[in-house]
Amino acid sequence: WEQFLAASQYLHWSPSQMKGKRTQPPWAAPAGTEVAQLRLYNSLTRTKETFVPQNGNRVLWYSCGPTVYDASHMGHARSYISFDILRRILKDYFKYDVLYCMNITDIDDKIIKRARQNYLLEQYKKKKPEASQIIQDVLSARGPFQQKLAETTDPDKRQMLERLDAAVAAVLGPLQAAVHSKEHPIHAEVLLESAKDLLADWLDNQFGSQVTENSIFSTLPKYWEGEYHADMAALNVLPPDVLTRVSEYVPEIVDFVKKIVSNGYGYESNGSVYFDTSKFDSSKQHSYGKLVPEAVGDQKALQEGEGDLSISAERLSEKHSPNDFALWKASKPGEPSWDSPWGKGRPGWHIECSAMAGSILGESMDIHGGGFDLRFPHHDNELAQSEAFFENDNWVRYFLHTGHLTIAGCKMSKSLKNFITIKDALANNSARQLRLAFLMHSWKDTLDYSANTMESAVQYEKFMNEFFLNVKDILRCPTDITGQFEKWEAAEMDLNKCFYERKSAVHEALCDNVDTRAAMEEMRALVSQSNTYIASRKSAKLQPNLMLLDSIAAYLTAMLKTFGAIEGAQPIGFPVGGTGQDIDLETTLMPYLKVLSDFRENVRRIAREQKVTELLQLCDVVRDDTLPDLGVRLEDHEGLPTVVKLVDKETLLKEREEKKRMAKLAKMKIPACEMFLKEADKYSKFDETGFPTHDLEGKEISKGQAKKLRKLYEAQDKLHRDNLQMNQNGS
């Protein structure tokens, strides 16, 4: 009674009294952990800086493109593959909205000179000169060439010139002897090929000023631009969002130069326009030589930046200071020209990028990229003239420069004729293998293209591919939908812990100046741990956890897709039979399916001859159950080869279900007393109900076998009675 009285008091409490007695406890927010932020090595500060776009998530990016006068080589690939990797990671991993602009330099001293030389050499060949004339001309060309060789101090250039001279000498001597003796066949074309560089330069010095047709200067870059784009597509380098050609932006360049002059940072001299570096540098708002201040005044670098056709004593005397550089060059005879307020001329090299980038990206961009050797004078001059135009001090926020590429430790460049073309490289290794080699090195450091470098990339690819194939094989193990979800034991917990830690390490590596080298090693470690787990489960005769391995393989595939090393929509592994979305599956798969079909047909033939019904049943399972799940239909025709067809998977599955339904209906119509009578190849005697009593050899059916057959008999009897009942209800 006392307990009842104590409890009854709560019956008289109001809702407000009850609410006051019980409230939610205080909630403590988790402390969390520090999240890594993307930092990029900025050449403007020579340190890693936290990346902060100027406008929300939008990233404006300009990269210096190729000067198209020859085949693209692995030095170009170093820059373009590296920037493609960076661009993909910023866009697809960090989810920035990137606008990527790149230029094509199709007006340049090198292009003009090469176009003239090619034209003049072709004209020379068309005249079909005699061997004696070729010898005389080569000797005339060799004199100034050897003088140039004697004056060359750069060891790499000197070595290149010595190789050329030696090649000419090796052919010249025997040919002179043959002409003199008239005893041996004369192969003048061999000398012409060996001495073409000497002859082209000699012809250009004599007749270059007479080449006046502008189309001669546009044909060469147009051809090599097409080759460049083909090479980039072969390397799986994404095309830029915006492509600018110098030849299409001459009016904008003229306006750009006019504005710089009107702002007081440029001056006209003898039809050319120069940038006044002293005037710019003395301004409180500006600073010249931001990237490489120690190189300011380096006349050798400045003259290389001006171009071979623009460093004559006359041209140099036009400048107020040796540090000044050309914004607009008065065209000389033998050079293309465009109208301008200062007379016929053509753009300077540095102004091209400033005008085109400014036209597309405006007064300030987030990222500017290029090769390491472009820092001075090209990029420093770009910065100066652009900030002179916009009257600001922040035309570029982050300057990224890719490292050099060497060949087995040696410097490579077009001008040294020491280069491996992209096509040559792709003849030895796949585009994926080349990209993996780049991914396994820092984008800003020197990369040595060598047999060892490529072997490391090939082995990495094999290592990853074996893992993907093993996981796909494991995932193909038959299981129902609930069987995919298995209990996690200690081994799964350990592997998942490793998975989380490696993913975190990959993220931290990518945040740290997009360190793909470290990221690739973390991915390798994850695969190694997964392989150890798979091996331990197999040795214990246990099935590995399907979902966990699927997640790991899918993550690794997604990362390699982000890096541009995998194309296609497949969730796991490298594509089979080709790359991309437009694979011709029929062409790719039919040879293999034909082999399978022929093998199956031979097995069926032997099974019939040997009366091995189990094999015939297995062949039917392949046709009716296995291959339809893969979108493959086999059609058996008596006396004819099996027809193999690739059909939409959903269509085949519907056909299979309909076939099963019809087979079941047909089976329901058979009375139990008739079902075993149709199996005369198994049984020889039956009782009055049609139940088998003796096997094919006349032996009495055992009790155990009879018990199994009785269950089948009763099941068929029920099925038949159900069919009769269904038909009665239907009628």
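Since we're looking at a predicted model, the values are computed, not measured.

1. Examining the overall build of the chain
Here is step 1 of the chain: A tally of regular secondary structure across the chain gives 26 helices and 18 strands.
Here is step 2 of the chain: A globule of 731 residues ought to have a C-alpha radius of gyration of about 27 Å, yet the chain, at 39 Å, is considerably larger.
Here is step 3 of the chain: On the principal axes, the C-alpha backbone points of the chain span a range of 120 × 105 × 55 Å.
Here is step 4 of the chain: When each of the 731 residues of the chain is scored for burial, the buried share is 44%.
Here is step 5 of the chain: Restricting to contacts in the chain with at least 6 residues of sequence separation, those with at least 24 account for 72%.
Here is step 6 of the chain: Approximately 39,000 Å² of the chain is accessible, and the part contributed by carbon and sulfur atoms is 53%.
Here is step 7 of the chain: Each charge class in the chain was averaged separately, 92 positive and 104 negative side chains, and the resulting centres sit 5 Å apart.

2. Details of a positive patch on the surface
Here is step 1 of the chain: A cluster of basic residues, Lys110, Lys148, Lys157, Lys300 and Lys411, forms a positive patch on the protein surface.
Here is step 2 of the chain: Relative accessible area serves as the criterion here: at 35%, lysine 157 is assigned to the partly exposed category.

3. Concerning helix α17 (residues 431–439)
Every α-helical turn comprises 3.6 residues, leaving residues that sit three or four positions apart pointing alike.
Here is step 1 of the chain: With nine of nine residues buried, α17 is to be regarded as a mostly interior element.
Here is step 2 of the chain: For α17, the full list of buried residues reads Ala431, Arg432, Gln433, Leu434, Arg435, Leu436, Ala437, Phe438 and Leu439.

4. Brief notes about empty space enclosed by the protein
Here is step 1 of the chain: Per the stated rule, a full pass over the model turns up two cavities of 30 Å³ or more.
Here is step 2 of the chain: Of the voids in this model, the largest cavity is the one considered here, and its volume is about 50 Å³.
Here is step 3 of the chain: Contributing to the lining of the largest cavity are Arg78, Ser82, Ile85, Leu86, Phe438, Leu439, His441, Trp443, Val514 and Thr516.
Here is step 4 of the chain: Elements that contribute at least two residues to the lining of the largest cavity include exactly α3 (74–93) and α17.
Here is step 5 of the chain: Looking at the lining of the largest cavity, the element that brings in the most residues is α3, giving four residues.
Here is step 6 of the chain: The class makeup of the residues in the lining of the largest cavity is six nonpolar, three polar and one charged.

5. Topic: the sheet that holds strand β11 (residues 396–402)
By way of backbone hydrogen bonds, the strands of a sheet pair with one another, either parallel or antiparallel.
Here is step 1 of the chain: Taken in spatial order, the five strands line up as β5-β4-β3-β10-β11 in an open sheet, and their pairing is parallel. The open sheet is flanked by β5 (242–245) and β11, the only strands paired with a single partner. If you compare each strand with its neighbour and ignore which way they point, the axes differ by 20 degrees on average.
Here is step 2 of the chain: Here strand β3 (residues 58–63) pairs with strand β4 (residues 97–104) via six bridges, running parallel. Among the inter-strand pairings, valine 59 is bridged to a residue of β4, identified as valine 98.

6. Section: the sheet that holds strand β8 (residues 325–330)
Here is step 1 of the chain: Spatially, β6-β7-β8-β9 is the arrangement adopted by the four strands of the open sheet, whose pairing is antiparallel. At either margin of the open sheet sits one strand with a lone partner, and together these are β6 (266–269) and β9 (345–347). Between one strand axis and the next, the sheet turns by 25 degrees as a mean value, whatever way the strands run.
Here is step 2 of the chain: In terms of strand pairing, β8 meets β9 through three bridges, oriented antiparallel. Paired with tryptophan 328 across the strands is proline 347, a residue of β9.
Here is step 3 of the chain: Contacts between helix α10 (residues 250–262) and the sheet are confined to β6, β7 (272–275), β8 and β9, with β8 contributing the most and set at about 125 degrees to the helix.

7. A closer look at the packing of aromatic side chains
Here is step 1 of the chain: In total, this model carries 23 aromatic pairs according to the counting rule given.
Here is step 2 of the chain: Over the aromatic face of phenylalanine 372 sits the side chain of arginine 375, whose NZ or CZ is 3.9 Å from the ring centroid.

8. Overview of the pattern of salt bridges
Here is step 1 of the chain: Counting across every chain of the model gives 46 salt bridges.
Here is step 2 of the chain: Lysine 594 is the partner of aspartate 598 in a salt bridge, and the nearest nitrogen-oxygen pair spans 2.9 Å. On the criterion of helical spacing, the pair formed by aspartate 598 and lysine 594 is a turn pair, its members being four residues apart in helix α22 (residues 585–610).
Here is step 3 of the chain: Taking the relative accessible area as the measure of exposure, lysine 594 reaches 43% and is therefore partly exposed.
Here is step 4 of the chain: Several salt bridges converge on common partners, so that one network encompasses Arg600, Glu601, Arg604, Asp620, Arg623, Asp624, Asp636 and Lys659.

9. Structural notes on a nonpolar patch on the surface
Here is step 1 of the chain: Taken together, the side chains of Ile481, Phe485 and Met547 present a nonpolar region at the surface, about 330 Å² in accessible area.
Here is step 2 of the chain: With respect to the secondary-structure elements, isoleucine 481 resides in the loop between α18 (451–475) and α19 (490–511).
Here is step 3 of the chain: Among the residues examined, isoleucine 481 registers a relative accessible area of 64% and is labelled exposed.

10. Points about the pairing of β4
Here is step 1 of the chain: Counting buried positions along β4 gives seven out of eight residues, so the element sits mostly inside the fold.
Here is step 2 of the chain: Remark: the β3/α3/β4 crossover connection has right-handed handedness.
Here is step 3 of the chain: Where β4 lies against β5, four bridges are found, and the strand directions are parallel. Following the sheet pairing, isoleucine 104 is matched in β5 by arginine 245.

11. Re the confidence of the model for the chain
Here is step 1 of the chain: Mean pLDDT over the chain works out to 89, with 93% of the residues at or above the 70 mark.
Here is step 2 of the chain: Segment residues 578–582: pLDDT under 50, and six contacts once partners within four positions in sequence are set aside and those in other chains are kept.

12. Here's the deal with the packing of helix α4 (residues 109–126) against helix α9 (residues 214–234)
Here is step 1 of the chain: Two elements in contact, α4 and α9, have axes separated by 9 Å at closest approach and are oriented at 105 degrees. As summarised for this structure, α4 and α9 are arranged roughly perpendicular, according to the angle between their axes. Contacts from Ile111, Ile112, Arg114, Ala115, Arg116, Asn118 and Tyr119 of α4 reach α9 at Ile216, Phe217, Leu220 and Pro221.
Here is step 2 of the chain: Tallied by class, residues from the contact of α4 with α9 come to eight nonpolar, one polar and two charged.

13. Re the side chain of glutamate 492
Here is step 1 of the chain: Here glutamate 492 is to be found in helix α19.
Here is step 2 of the chain: Reaching out from glutamate 492, the side chain makes a polar contact with the backbone nitrogen of glutamate 489 at a distance of 2.8 Å.
Here is step 3 of the chain: Look past the residues within four positions of glutamate 492 in its chain and what remains in contact with it is Lys487, Tyr533, Arg537, Asn545 and Leu548.

Rules and cut-offs
Residues numbered from 1 in each chain as written. Predicted model: local features only at pLDDT ≥ 70, side-chain atom pairs only at ≥ 80, totals over all residues. Heavy atoms only, no water. Helix = DSSP H or I, 4+ residues; strand = E, 2+ residues; numbered from the N terminus. Rg over C-alpha atoms; globule rule 2.2 N^0.38 Å. Buried < 20%, exposed > 50% of the residue type's maximum accessible area, 1.4 Å probe, protein only. Contact = heavy atoms within 4.5 Å. Areas by Shrake-Rupley, 256 points an atom, 1.4 Å probe, with all protein chains shown as cover. Lys, Arg positive; Asp, Glu negative; His and termini not counted. Charge placed at Lys NZ, Arg CZ, Asp CG, Glu CD. Patch = residues over 30% accessible without salt bridge, like charges linked within 9 Å, V, L, I, M, F, W, Y side chains within 5 Å. Salt bridge = Lys/Arg side-chain N within 4 Å of Asp/Glu carboxyl O. 1 Å grid on protein atoms, 1.4 Å probe; cavity = no way out; pocket = protein on both sides within 12 Å on 5 of 7 lines; lining within 4 Å. Points joined across faces, edges and corners; volume = space filled by probe spheres on them. Nonpolar A, V, L, I, M, F, W, Y, C, P; charged D, E, K, R; others polar. Pairing = 2+ DSSP bridges. Axes fitted to C-alpha atoms, helices over the stretch in contact; angles between N-to-C directions. Phe/Tyr/Trp six-rings, centres within 6.5 Å; stacked < 30°, edge-to-face > 60°. Lys NZ or Arg CZ within 6 Å of the ring centre and 35° of its normal. Right-handed = clockwise from strand over helix to strand, strands pointing away. pLDDT = per-residue confidence, 0-100. Parallel < 35°, antiparallel > 145°, perpendicular 65-115°, else oblique. Polar contact = N/O pair within 3.5 Å; in protein donor to acceptor, adjacent residues only side chain to side chain.

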